[in-house]
Amino acid sequence: MGGPLMHEDTWVVIPLFNEATVIAGVVADLRARFPHVVVVDDSSDDDSGAVAEAAGATVVRHSVNLGQGAALQTGITWVLRNTDARYLVTFDADGQHRVEDASAMVAHAQQEDLAVVFGSRFLDSRTRPGLVRRIVLTGAVWLTRQQTGMRLTDAHNGLRVIRRDAATALDIQQDRMAHASEIVLQLGRTSLPWAEHPVLILYTDYSRSKGQSLINSVNILIDMVLK
Amino acid sequence: MLDQPLIKILLLVAVAGVIALLTRSTSGSNHQAVRRLGLIAFGVVAVVAVLFPATLTTIAEWVGVGRGADLLLYGLTVVFFGFVASSYRRSRRLERHITLLTRELALRSSTPTASPSTSEKAPERD
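Since the model is a prediction, treat every value here as computed from it, not as a measurement. (Residues numbered from 1 in each chain as written. Chains lettered and ligands numbered in written order. Predicted model: local features only at pLDDT ≥ 70, side-chain atom pairs only at ≥ 80, totals over all residues. Heavy atoms only, no water.)

### Observations concerning the overall build of chain B
Along its length, chain B carries four helices and zero strands. The secondary structure elements of chain B, listed N-terminal to C-terminal, are α-α-α-α. The 126 residues of chain B split such that 17% are buried. Considering only contacts within chain B whose residues lie at least 6 apart along the sequence, 60% involve residues at least 24 apart. (Helix = DSSP H or I, 4+ residues; strand = E, 2+ residues; numbered from the N terminus. Buried < 20%, exposed > 50% of the residue type's maximum accessible area, 1.4 Å probe, protein only. Contact = heavy atoms within 4.5 Å.)

Structure, rendered in structure tokens:
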């Protein structure tokens, strides 16, 4: 049999909110390499959850909308409680992440015995965010470095590989968008080995229209400071 | 900056006190009792100020404020900000409870066993 390697000991966690138009494709693409996908439907208004389930994902549903951080934690807790997964992959629902990057990051973690692999847009020059977004992200990187002491090049990337022992240390309390630096902080405290891995973020017209409004960055930065 | 020293000291002490109280963890009933005493004290002062406005003016002059009404306003402002801050903390606690409940509900409502590891999963849908 000459098929591609399947990651049997890995579960992909996708926080999902109102992505009915793209989630089927995202899940289907993932399942070509990752057979185990759990989607946390954060009380979507559309039928995102049903679409994801039809595409082959396990769906866990929040009764009320809590935010991406809360959805991620629910997914992580679900995997730890219900499976014996060795690795978790956090993956965005909007099609900005590439399955091949996730797969390469899991391989990277296995080969170098790492507990965490953070995806980074800025390790190479492939990804081209706009200037204003670059400025905001640089600010977030600086702030993350101040708060956690960890020298990351991309502080706000949703693509991560987290080994089970590191995942048990997570207790994300920032429900909304300030969770990214909280994850970095909590994983950093474990002192487990970690690395960054270059990823390509696909800024499609669709994801651009859904992406963080820049004004919302004000909220994120304030949340990060107030914690 | 150094005129009206007495009222300024009193207000700064009150503000510091409010901040100190709020940065400590709310230990339930103790905190509630202190808050209630504070509210009662404020109520008493307000009633006295209404019934005996001259008293308030006298006190005001002791601490270096021009009018009794101004003194009341300063006190009210400090209390108000204290209320805003404690209200915010209460909201955060409630949000946390909602999150934990929603999560537990979601986890218990989901299928207890993992999906089969084969990629052939075609649920019947009509």
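### Re the sheet that holds strand S2 (residues 37-41) of chain A
All names here are of chain A. Strand order in the open sheet formed by seven strands is S3-S2-S1-S4-S6-S5-S7, with mixed pairing between adjacent strands. Looking at strand neighbours, the two that pair on one side only are strand S3 (58-61) and strand S7 (194-198), the edges of this open sheet. Going from strand to strand, the sheet's axes swing by 20° on average, the running direction of each strand aside. As paired strands, strand S4 (residues 87-90) and strand S6 (residues 160-163) are joined by four bridges and run antiparallel to one another. Bridge assignment links valine 89 to a residue of S6, and that residue is valine 161. Taken strand by strand, helix H7 (residues 179-189) contacts strand S5 (116-120) and S6, and its axis lies near 35° from that of S6. (Pairing = 2+ DSSP bridges. Axes fitted to C-alpha atoms, helices over the stretch in contact; angles between N-to-C directions.)

### Structural notes on the nonpolar core
All names here are of chain A. Ile14, Ile23, Leu30, Val89 and Phe91 are the most contacted members of the largest nonpolar core, which has 31 residues in total. Looking at this core, the element that brings in the most residues is helix H4 (residues 99-112), giving five residues. In this structure valine 89 touches Thr10, Trp11, Val12, Val13, Phe34, Ala102, Val106, Leu159, Arg160 and Val161, once residues within four positions along its chain are discounted. The next biggest cluster of nonpolar side chains, apart from the first, holds 25 residues, and it includes Leu88, Ala167, Ile172 and Val184. (Core = buried A, V, L, I, M, F, W, Y, C linked by side-chain atoms within 4.5 Å.)

### Describing the pattern of salt bridges
Counted according to the given criterion, the structure contains ten salt bridges over all chains. Notably, a salt bridge pairs glutamate 104 of chain B with arginine 81 of chain A, separated by 3.0 Å at the nearest N-O pair. With glutamate 104 of chain B in helix H4 (residues 68-109) and arginine 81 of chain A in helix H3 (residues 68-82), the pair connects residues from two separate chains. Among the salt bridges present, the one from glutamate 104 of chain B reaches arginine 108 of chain B, with a minimum N-O distance of 2.9 Å. Separated by four residues within a single helix, glutamate 104 of chain B and arginine 108 of chain B lie in helix H4, roughly one turn from each other. For arginine 108 of chain B, a relative accessible area of 67% corresponds to the exposed category. Each of Arg81 of chain A together with Glu104 and Arg108 of chain B takes part in one network of salt bridges that share partners. (Salt bridge = Lys/Arg side-chain N within 4 Å of Asp/Glu carboxyl O.)

### Digging into the packing of H3 of chain A against H4 of chain B
It is at 10 Å that the axes of H3 of chain A and H4 of chain B come closest, and there the two elements cross at 40°. By the angle between their directions, the pair H3 of chain A and H4 of chain B is classed as oblique. Between H3 of chain A and H4 of chain B lies a crossing whose hand is right-handed. Judged by residue contacts, Ala70, Gln73, Thr74, Thr77, Trp78 and Arg81 of chain A of H3 of chain A engage Thr99, Arg103, Glu104, Ala106 and Leu107 of chain B from H4 of chain B. Taken together, the residues of the contact of H3 of chain A with H4 of chain B break down into four nonpolar, four polar and three charged. (Parallel < 35°, antiparallel > 145°, perpendicular 65-115°, else oblique. Left-handed = near helix turned anticlockwise from the far one by under 90°. Nonpolar A, V, L, I, M, F, W, Y, C, P; charged D, E, K, R; others polar.)

### Points about the confidence of the model for chain B
Residues and elements named next belong to chain B. On average, residues of chain B score 78 in pLDDT, and 82% of them are at 70 or above. Element-level pLDDT for chain B is lowest in helix H1 (residues 5-23), with a mean of 77, against a maximum mean of 90 in H4. This model gives residues 114-126 a pLDDT under 50, and the stretch forms 21 contacts once residues within four places in sequence are excluded. Model confidence for the complex is summarised by a pTM of 0.79, with the ipTM given as 0.86. (pLDDT = per-residue confidence, 0-100.)

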